[in-house]
Protein chains: 4
Amino acid sequence: MSLKAIVKTTREKGFDYMDVEMPKVGPRDVLIKVKAAAICGSDLNFYVWNKAFCEGLVKELPFIPGHECSGEVVEVGSAVTHVKAGDRVSFDSHIPCGYCRQCQIGRPHTCTNMGLFGHNMNGCFAEYTVAKETGVRKIPDALSWEAAALLEPLGVVIRPVLESGVSMSTVCIAGCGPIGQFAISLTSALTASRIFAVDINPQRLALAKEMGATDLIDAREKPNFGDYLINETEDGLDIFIDASGNVHTINEGLRSLRFGGTMYMVGNPKEPLVIENPMRKITLREVTIKGNWGRSMFETWEKAENFLLSGKINLDKIITHRFPMSEYEKAFEIAKSGEGCKILLYPEE
Amino acid sequence: MSLKAIVKTTREKGFDYMDVEMPKVGPRDVLIKVKAAAICGSDLNFYVWNKAFCEGLVKELPFIPGHECSGEVVEVGSAVTHVKAGDRVSFDSHIPCGYCRQCQIGRPHTCTNMGLFGHNMNGCFAEYTVAKETGVRKIPDALSWEAAALLEPLGVVIRPVLESGVSMSTVCIAGCGPIGQFAISLTSALTASRIFAVDINPQRLALAKEMGATDLIDAREKPNFGDYLINETEDGLDIFIDASGNVHTINEGLRSLRFGGTMYMVGNPKEPLVIENPMRKITLREVTIKGNWGRSMFETWEKAENFLLSGKINLDKIITHRFPMSEYEKAFEIAKSGEGCKILLYPEE
Amino acid sequence: MSLKAIVKTTREKGFDYMDVEMPKVGPRDVLIKVKAAAICGSDLNFYVWNKAFCEGLVKELPFIPGHECSGEVVEVGSAVTHVKAGDRVSFDSHIPCGYCRQCQIGRPHTCTNMGLFGHNMNGCFAEYTVAKETGVRKIPDALSWEAAALLEPLGVVIRPVLESGVSMSTVCIAGCGPIGQFAISLTSALTASRIFAVDINPQRLALAKEMGATDLIDAREKPNFGDYLINETEDGLDIFIDASGNVHTINEGLRSLRFGGTMYMVGNPKEPLVIENPMRKITLREVTIKGNWGRSMFETWEKAENFLLSGKINLDKIITHRFPMSEYEKAFEIAKSGEGCKILLYPEE
Amino acid sequence: MSLKAIVKTTREKGFDYMDVEMPKVGPRDVLIKVKAAAICGSDLNFYVWNKAFCEGLVKELPFIPGHECSGEVVEVGSAVTHVKAGDRVSFDSHIPCGYCRQCQIGRPHTCTNMGLFGHNMNGCFAEYTVAKETGVRKIPDALSWEAAALLEPLGVVIRPVLESGVSMSTVCIAGCGPIGQFAISLTSALTASRIFAVDINPQRLALAKEMGATDLIDAREKPNFGDYLINETEDGLDIFIDASGNVHTINEGLRSLRFGGTMYMVGNPKEPLVIENPMRKITLREVTIKGNWGRSMFETWEKAENFLLSGKINLDKIITHRFPMSEYEKAFEIAKSGEGCKILLYPEE
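Residues numbered from 1 in each chain as written. Chains lettered and ligands numbered in written order. Predicted model: local features only at pLDDT ≥ 70, side-chain atom pairs only at ≥ 80, totals over all residues. Heavy atoms only, no water.

## A closer look at the overall build of chain A
So the rule is basically this: Secondary structure counts use DSSP, requiring at least four H or I residues in a row for a helix and at least two E residues in a row for a strand, with both numbered from the N terminus. Throughout, the radius of gyration refers to the C-alpha atoms, and the reference size of a globule is 2.2 Å times the residue count to the power 0.38. In this scheme, a residue with accessible area under 20% of its type's maximum is buried, one over 50% is exposed, and one in between is partly exposed, where area comes from a 1.4 Å probe on protein chains only. Residues are treated as being in contact if the distance between any of their heavy atoms lies within 4.5 Å. Note on charges: Lys and Arg go in the positive column, Asp and Glu in the negative column, and His and the chain ends are not counted at all. Each charge is placed at NZ for Lys, CZ for Arg, CG for Asp and CD for Glu.
Along chain A, the regular secondary structure elements total 13 helices and 18 strands. For 349 residues, the compact-globule estimate of 2.2 N^0.38 gives 20 Å, and the C-alpha radius of gyration of chain A, at 20 Å, lies within 12% of that figure. Overall size of chain A, expressed as C-alpha extent along the three principal axes, is 65 × 40 × 40 Å. In chain A, which comprises 349 residues, the share counted as buried stands at 63%. Put simply, of all contacts in chain A between residues at least 6 apart along the chain, 67% involve residues at least 24 apart. Counting 38 positive and 44 negative side-chain charges, chain A places the centres of these two groups 3 Å from one another.

Structure below.
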């Protein structure tokens with residue numbers, strides 16, 4: 001038996017949409033009929049074959065990309081007991097080993113033997129996909145397939161937002177791609193008193209406003225927007241969440257924080273981070289910088305599900321495009337253009 | 001009436017030891033007969049007149065430096081009720097206003113209107129000194145004058161050590177001056193499983209061993225000691241406490257931390273902090289960097305007093321020199337040489 | 001010069017509305033022209049002269065009750081610098097000493113030498129009142145006198161709500177008086193997924209619904225409402241906030257909590273708390289019980305101000321009655337009846 | 001093939017020492033040759049057949065009790081990859097399902113589908129035992145079999161001690177059985193400034209002194225020892241750890257806590273907990289009561305291993321008796337008498 005899938009076959013730009021063999025279901029595997037999948041930045045890296053990103057990560061070609069999805073369980077391995085055929089599920093693309101030191105001290109999301117679904121093993125841009133038992137979660141009946149496909153990326157940023165205490169605080173969020181928009185939406189729902197959104201794309205800033213940003217900063221017009229943030233806050237900003245990965249932006253954020261303020265680095269910087277005057281920016285001001293990679297597993301998944309169910313995150317605005325998987329090329333070209341926000345892919349019916 | 005004091009009179013190297021007028025005691029002031037005082041790095045900056053340090057800080061000359069001390073209350077202002085003549089006291093050199101936003105959100109130690117005893121007002125290198133009511137604390141009867149004079153510098157580092165959870169963890173402490181030695185001693189008392197000490201001065205490393213360091217790293221021999229730390233720990237270091245202010249050292253520390261590890265920046269860096277590959281060092285590894293300036297006021301003072309009382313910090317090793325104030329020049333030249341550790345000054349009897 | 005005030009003159013039911021002497025302004029005092037004041041349960045205790053409550057607390061008669069208010073600064077003592085005549089202010093009725101162990105370990109709100117404005121010293125049910133410098137805070141320009149008079153009671157419950165992590169959790173709030181209504185309103189603003197409100201008064205339950213409760217429980221109909229809570233939640237309730245002080249209610253709450261759930265005791269129980277089967281209710285389930293008395297000083301005041309400014313707490317529903325101080329008797333009889341919610345008093349113009 | 005085991009065969013006092021069949025090794029099982037096992041209070045309950053304890057817990061007879069042990073891996077199931085034959089291991093007797101809400105919100109140690117090794121499935125009082133993959137941990141080479149057999153009970157109390165911040169605080173520990181002795185030893189290692197130990201058995205109090213208690217309280221002589229604790233501390237006790245389960249003791253503890261103090265309930269109370277004047281004991285004083293059942297999995301296991309390796313817990317004093325399994329009757333009669341502390345059982349060589 002075969003199925004349709006988007007496949008990375010060569011170390012250059014592009015994918016193929018082709019028939020592949022139905023995967024085998026091991027004892028701890030869950031076979032899922034994909035209902036909705038979403039494009040993430042790393043999928044785009046595979047599409048354009050960003051060498052710096054792909055070389056260390058991809059073990060062998062061909063492989064099926066995609067790691068944000070929802071679907072229906074079709075078959076479960078012999079050792080699987082917590083889900084069964086017919087269940088509606090989503091799953092975490094991080095597959096921790098359970099036994100390394102990180103796993104054992106309560107940090108499975110930074111497992112040092114991590115399996116990465118859709119990165120170093122086949123993913124979900126296909127009619128069917130095989131997930132690992134440990135990451136699969138049933139989703140609430142009332143949660144749509146589309147919403148469930150976004151639990152993964154929402155989960156990346158829900159943790160810093162929840163732990164940072166945004167309520168009635170001043171918050172700046174830089175980088176208004178999907179992660180940034182989720183952050184703005186959560187921060188607004190959690191009653192931040194002021195939400196500054198930073199980007200260089202007017203469309204994304206406009207969307208940020210709809211998500212709840214109270215102040216828009218176009219970084220092309222205000223490259224040194226730190227001055228503005230300092231002026232607009234009493235003793236500096238309480239919290240800065242960087243989803244841009246831009247090192248100049250991170251520096252503007254650092255210098256605008258109040259004594260005791262916190263910088264969350266969620267975006268991945270590609271250049272050296274040069275902090276001028278670290279004595280003033282970090283030590284004397286007692287600033288905290290926190291790197292944030294992944295979802296907690298699974299402390300915050302339930303909260304992400306409940307947020308999506310509550311309607312407090314306006315998915316209608318976040319999901320800007322939808323395509324059948326066969327039209328993957330259109331979808332990825334739009335993703336590449338920076339236009340729109342979250343793009344969904346569907347298997348053909 | 002007059003008294004003897006060490007005075008900064010000119011914007012160049014040196015102090016004067018001279019008679020000054022007895023200070024007035026305002027309604028919220030406490031007049032203290034100094035029993036023991038200690039030399040801090042900022043006093044040394046005043047001595048050599050490090051322009052970069054002094055210019056912004058010093059309001060006018062002449063002024064009396066010194067801010068770490070203990071003494072006996074001689075007289076209290078009309079509004080002071082919690083101490084009285086005869087009480088044995090120490091005090092915090094930070095004098096928060098109580099009403100700025102930092103003070104009101106529970107961060108008086110980073111008050112934005114901070115008075116700095118011995119910096120922008122007269123200090124304690126004198127027979128008598130005037131402290132502000134809010135910072136004065138009675139000391140336990142069993143605590144010696146010498147120990148009490150060290151409550152201030154001990155307090156700088158007790159907060160990060162207590163909050164970082166060093167028990168049965170791997171910790172590296174860089175910079176084995178007084179602050180670093182206190183950190184090592186506390187970390188050892190609190191049962192860290194392994195304590196790496198980093199310095200370039202063999203004498204200080206030898207002292208670090210006596211304070212409880214389990215592994216000594218001479219950074220001249222091992223400039224890239226991050227490799228060593230990575231090799232010696234399972235998945236990287238749990239905690240790095242920088243008391244050196246050296247940016248290369250901080251970078252070596254950052255790259256040696258485990259996923260979820262923490263870097264405390266206690267030393268003040270004087271150069272830009274250039275972090276190569278911040279994606280790997282901070283974001284992906286979920287590292288936290290925490291700036292640490294001052295003592296909490298006064299959450300950890302009692303703990304500092306108890307630690308000194310307990311005998312778990314070997315002050316006999318930390319206090320390496322003692323001088324009468326009239327011999328201030330010898331004292332400061334030794335401080336300048338980097339020889340020894342903590343140097344005490346005493347008023348003439 | 002004299003002023004009108006509500007005065008407790010005898011150890012029996014009732015107050016007097018009379019002329020009293022204008023208070024003296026000490027060096028650390030702030031004289032305030034009262035703009036709005038609110039009735040609290042303890043004022044009602046003074047009114048009816050609840051012996052058990054009053055005897056230990058009241059030092060001498062006559063005294064002026066009232067401790068929730070806002071007003072304009074008229075005069076400040078010689079040592080006061082952070083406010084001046086003309087400033088709009090509110091203040092905390094707790095007056096910590098600053099120097100006892102509780103104050104020094106960061107818990108001034110449970111100072112062991114606490115002065116209690118309007119309890120053991122004159123309060124604010126008067127045209128003018130004298131507050132202590134340390135507790136006085138300027139209020140934002142946009143905050144109304146009425147809203148500012150409610151900062152005090154709102155502050156009692158904002159701390160447990162903020163620290164308990166109600167977002168997307170299941171929460172039960174018992175006792176729908178003013179404190180309970182504030183808790184419901186905050187919990188709803190902070191995106192609890194389900195809010196159960198418990199009371200025996202249908203009017204208060206109706207108000208709870210308007211504040212954001214999703215489920216109303218009339219404890220007369222469902223005295224053993226713990227069963228209901230257990231049925232309606234997956235593995236028990238996440239958080240229970242008791243503002244009733246009723247020990248049966250607290251027990252129902254305890255048995256309905258999930259493993260690791262938290263009970264906040266904000267209401268003051270007047271009877272012994274008998275916990276049947278504490279092994280199951282506390283130990284095995286790892287339940288936490290937290291007593292909560294007062295406002296943090298002043299970590300959460302700013303958040304309370306911002307919440308009131310944000311419009312997320314519907315004060316129009318919470319403030320049910322307004323009277324001039326001369327009609328204090330009507331006001332207290334309504335308070336006694338349990339009808340309505342928050343009752344405000346105003347000085348005559 | 002058969003093996004020797006201690007077996008519970010009837011619902012009355014006593015065990016049998018007999019040959020049983022070698023257990024089958026399922027795909028996720030680990031077969032372990034037992035090297036050392038320790039007697040816990042629940043094993044004693046099985047021995048004397050304490051109905052109240054046993055009825056709900058025991059599924060069927062016969063079964064093999066015992067759940068604290070160390071041993072060598074002999075064989076692993078087909079799905080097991082993190083340990084192999086020859087590895088030295090210990091394991092947690094709690095076997096969480098991984099998928100219930102408790103497991104998914106980061107609380108596997110209170111899994112609602114918990115398997116209990118040696119309780120509702122066969123345990124380790126035998127030559128060989130089968131453990132579940134998820135709970136098995138390799139132990140450090142330098143850790144003795146005896147020490148490793150105590151990781152389980154040490155783990156019960158290491159969590160509250162580590163999280164409660166005992167350093168330079170006043171702590172009272174009630175109930176000086178093995179759990180209490182571990183608590184005293186840890187608390188002492190972590191530099192509590194004062195450690196009060198409460199028991200009614202002079203031998204156990206003497207042992208408490210050797211473990212580091214600074215003050216011994218014989219509760220037969222001082223039944224109302226709360227008065228004593230209040231007198232001996234400045235504003236009350238910082239932390240009370242109850243390992244007695246005695247409700248009178250818990251009440252004495254509650255009333256002796258300072259404002260903001262914490263009571264850990266580790267012992268399982270068998271009677272109703274009647275708290276007189278809860279307003280004063282809990283609400284006004286902002287006391288926290290925390291139930292504590294089990295080990296975190298596995299955040300604190302590494303810390304427990306390191307503590308045992310460090311020599312800071314004097315096991316020579318805690319292990320008071322050793323018997324071959326065939327002499328189980330002597331061992332359990334001593335356990336029943338309350339004499340001694342921790343009793344070890346060994347398979348015959």
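Additional details are given in the paragraphs that follow.
## Things to note about the sheet that holds strand 12 (residues 215-218) of chain B
Here is the rule we go by: At least two DSSP bridges between two strands are required for those strands to pair. Where helices are involved, their axes are fitted lines through C-alpha atoms of the stretch in contact, as for all axes, and angles between N-to-C directions lie from 0 to 180°.
Strands sit in the order 12(A)-11(A)-10(A)-13(A)-14(A)-16(A)-16(B)-14(B)-13(B)-10(B)-11(B)-12(B) across an open sheet of 12 strands; the sheet is mixed. Both outer strands of the open sheet, strand 12 (215-218) of chain A together with strand 12 of chain B, are each paired with one neighbouring strand and no more. Ignoring which end each strand starts from, the neighbouring axes of this sheet average 15° apart. One ladder, built from five bridges, connects strand 13 (residues 237-242) of chain A with strand 14 (residues 257-265) of chain A; its direction is parallel. Residue pairing in the sheet places Leu237 of chain A in a bridge with Leu257 of chain A of strand 14 of chain A. Against the sheet, helix 6 (residues 178-189) of chain A makes contact with strand 10 (170-174) and strand 11 (194-199) of chain A, and its axis sits at roughly 165° relative to strand 10 of chain A, the strand it touches most. Sheet strands in contact with helix 5 (residues 151-164) of chain B are strand 13 (237-242), strand 14 (257-265) and strand 16 (288-291) of chain B, and its direction is about 165° off that of strand 14 of chain B.

## Some thoughts on the domain arrangement of chain A
Residues and elements named next belong to chain A. Here is the rule: Note that the domain bounds reflect an automated or database-derived domain assignment. Salt bridges are identified by distance alone: a Lys or Arg side-chain nitrogen within 4 Å of an Asp or Glu carboxyl oxygen. Under the rule applied, a polar contact is a pair of N or O atoms within 3.5 Å (in protein, one hydrogen donor and one hydrogen acceptor; residues adjacent in sequence only if both atoms are side-chain atoms). By the convention adopted, Pro, Cys, Tyr, Trp, Phe, Met, Ile, Leu, Val and Ala count as nonpolar, Lys, Arg, Asp and Glu as charged, and the other residues, Gly among them, as polar.
You can read the domains of chain A as domain 1 (2-149 + 314-346) and domain 2 (157-291). For domain 1 and domain 2, the distance between their C-alpha centres works out to 29 Å. The interface is formed by 10 residues belonging to domain 1 together with 12 residues belonging to domain 2. For the interface between domain 1 and domain 2, the tally reads one salt bridge. With a shortest N-O distance of 3.0 Å, Glu210 and Lys317 are connected by a salt bridge. Summed over the shared surface of domain 1 and domain 2, the number is three residue pairs in polar contact (both at pLDDT 80 or more). A per-element tally of the side of domain 1 that touches domain 2 places helix 12 (residues 315-318) first, with three residues. Considering only residue class, the side of domain 1 that touches domain 2 consists of three nonpolar, four polar and three charged.

## Quick word on the relation of the copies chain C and chain D
Between the two copies of the chain lies a relationship made up of a rotation around an axis and a movement along it. Our working rule: C-alpha atoms of residues with pLDDT of at least 70 in both copies form the basis for the least-squares superposition of the copies.
Between chain C and chain D, the superposition needs a rotation of 180° and an axial shift of 0.0 Å, giving an RMSD of 0.0 Å. Taken together, the turn and the small shift mark the pair as related by a two-fold rotation axis. When the interface residues of chain C are mapped onto chain D, 100% of them again fall at the interface, so both copies present the same face.

## Overview of the state of the cysteines
Put simply, the rule reads: When the sulfur atoms of two cysteines come within 2.5 Å, that pair is taken as a disulfide.
This structure, assessed with the given rule, holds zero disulfides over all chains. Counting only cysteine sulfurs, Cys69 of chain A is the nearest neighbor of Cys124 of chain A, a cysteine outside any disulfide, at a range of 4.0 Å. Summary of cysteine pairing: Cys100 of chain B is not part of a disulfide, and the nearest cysteine sulfur, belonging to Cys103 of chain B, is at 3.8 Å. Residue Cys100 of chain B is classed as buried on the basis of its relative accessible area, which comes to 9%.

## So, the interface of chain C and chain D
In plain terms, the rule: Defined here as a combined quantity, buried area equals the accessible surface (1.4 Å probe) lost by two parts on assembly, summed across both.
Contact with chain C, which involves 41 residues of that partner, is made by 41 residues of chain D. In total, about 3400 Å² of surface goes out of reach between chain C and chain D, with carbon and sulfur atoms giving 56% of it. When the buried area of chain C at its contact with chain D is split by residue, Arg101, Thr283 and Glu286 of chain C rank highest and sum to 20% of it. At the junction of chain C and chain D, the tally comes to eight salt bridges. Ionic pairing is found between Glu286 of chain D and Arg159 of chain C, a salt bridge with its closest N-O pair at 2.5 Å.

## Observations concerning the interface of chain C and chain A
Opposite the 16 residues of chain C that make contact, chain A presents 16 residues. Across the interface of chain C and chain A, roughly 1100 Å² is buried in total on both sides, 58% from carbon and sulfur atoms. Summed over the three residues of chain C that lose the most area to chain A, namely Met168, Thr191 and Lys303 of chain C, the buried surface amounts to 43% of that side. Taken together, chain C and chain A are joined by six residue pairs in polar contact (both at pLDDT 80 or more). Counting residues per element, the side of chain C that touches chain A draws most heavily on helix 11 (residues 301-310) of chain C, at five residues. Partitioning the side of chain C that touches chain A into residue classes produces five nonpolar, seven polar and four charged.

## Some remarks on the relation of the copies chain C and chain A
With an RMSD of 0.0 Å, chain C superimposes on chain A once it is rotated by 180° and translated 0.0 Å along the axis. Residue by residue, 100% of the interface of chain C is reproduced at the interface of chain A, so both copies engage with the same surface.

## Observations concerning helix 5 (residues 151-163) of chain A
Residue and element names in this part refer to chain A. Applicable threshold: To estimate how far a helix should extend, the number of its residues minus one is multiplied by 1.5 Å. What is called the bend at a residue is the angle between a pair of axes, fitted to the seven residues leading up to and ending at it and to the seven starting from it.
Helix length check: helix 5 (13 residues) gives 18 Å between terminal C-alpha atoms against 18 Å at 1.5 Å per residue, within 8%. Along its length, helix 5 shows its largest kink, about 35°, at Val157, and proline Pro160 lies within four residues downstream of that point. Of all 13 residues in helix 5, 11 are buried, a share of seventy percent or more. If you check which residues of helix 5 are buried, you get Leu151, Glu152, Pro153, Leu154, Gly155, Val156, Val157, Ile158, Arg159, Pro160 and Val161. Note on helix 5: the residue one or two positions beyond its end, Gly165, has a positive phi of about 70°.

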